[in-house]
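# Secondary and tertiary structure notes
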Amino acid sequence: MTSPLTPEDSQPLHQPGGDATQAENTVRKVIAWYNARLADTHRSGAGEPEQVAAWRTARDQAADDLDRLEDADEDETVQIALAYAARLKELTES
């Protein structure tokens, strides 16, 4: 199992077949994080409306970016992968 790309990685970012899959997996993990928070908030009935709206917006943007990966070139794939690796790291460390 490979770990998500991180901005600190020193290895080449684009490897045929690997970047798109890794980017997709990372974006899906971010979407899952938002979905879990939204589900927890819905179940508990608690939560700030502004925070819930922000999570929904971020989740929807991630879903749009996941769709973009289907047609993304190498550079855009790497950009998406790095952005979501950083976001996943931020979300899981907070």
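Right, let's walk through the structure included here.

Each value, and the rule that gives it
Each chain carries its own residue numbering, running from 1 in the direction its sequence is written. The predicted origin of the model limits local features to residues at a pLDDT of at least 70 and limits the giving and counting of side-chain atom pairs to 80 or more, whereas totals for whole chains, interfaces and linings rest on all residues. The side-chain values count all of the structure's non-hydrogen atoms but skip hydrogen atoms and water molecules. Patch rule: a residue counts if its relative accessible area is over 30% and it has no salt bridge; like charges are joined within 9 Å, and nonpolar side chains (Val, Leu, Ile, Met, Phe, Trp, Tyr) within 5 Å. Computed with a 1.4 Å probe, the accessible areas rest on the Shrake-Rupley method; for each residue, only the protein chains presented here act as cover. We define a salt bridge as a side-chain nitrogen of Lys or Arg found within 4 Å of a carboxyl oxygen belonging to Asp or Glu. Positive charge is attributed to Lys and Arg, negative charge to Asp and Glu, and no charge count is given to His or to the chain ends. Lysine's charge is taken at NZ, arginine's at CZ, aspartate's at CG and glutamate's at CD. Comment: elements are numbered from the N terminus, with helices defined as DSSP H or I runs of at least four residues and strands as E runs of at least two. Each residue's exposure class comes from its accessible area (1.4 Å probe, protein chains only) as a fraction of the maximum for that residue type: buried when under 20%, exposed when over 50%, partly exposed otherwise. In plain words, nonpolar cores are sets of buried Ala, Val, Leu, Ile, Met, Phe, Trp, Tyr and Cys residues tied together by side-chain atoms within 4.5 Å. Contact definition: two residues touch when any of their heavy atoms are within 4.5 Å. Aromatic rings from Phe, Tyr and Trp, with only the six-membered ring used for Trp, were paired whenever their centres fell within 6.5 Å, and each pair was classed as stacked if the ring planes differed by under 30 degrees, edge-to-face if by over 60, and tilted otherwise.

## Comments concerning a negative patch on the surface
A surface patch of like charges, here negative, comprises D64, D67, E70 and D71. With respect to the helices, strands and loops of the structure, D67 is situated in helix 2 (residues 49–69). You can call D67 partly exposed: its relative accessible area is 48%.

## Focus on the pattern of salt bridges
For the structure shown, the criterion picks out five salt bridges. The residue R28 makes a salt bridge to E24 at a minimum N-O spacing of 3.1 Å. Pair noted here: R28 and E24 are both in helix 1 (residues 18–44), with a separation of four residues, about one helical turn. Take R28: its relative accessible area is 43%, and that puts it in the partly exposed class. Where salt bridges share partners, they join D65, R68 and E76 into one cluster.

## Things to note about the nonpolar core
Formed by 18 residues in total, the largest nonpolar core has its most connected members in V27, V30, Y34, L69 and Y84. Listing elements by their share of this core, those giving two or more residues are helix 1, helix 2 and helix 3 (74–93). A total of seven residues in this core trace back to one element, the largest contributor, which is helix 1. Apart from the residues lying within four places of it in its own chain, the contact partners of L69 are A23, E24, V27, T77 and I80.

## What to know about the packing of aromatic side chains
Each aromatic ring pair is described using two quantities: the centre-to-centre distance and the angle formed by the ring planes. By the definition in use, this model includes two aromatic pairs. Look at W33 and W55: their rings are 6.1 Å apart centre to centre, the planes differ by 90 degrees, and that puts the pair in the edge-to-face class. A residue pair is termed long-range when its members are at least 10 positions apart, and W33 in helix 1 and W55 in helix 2 qualify at 22 residues. For the pair shown, W33 and W55 are each scored as buried. Aromatic rings pair up to connect W33, Y34 and W55 into one cluster.

Read these as spatial facts, not as claims about activity.
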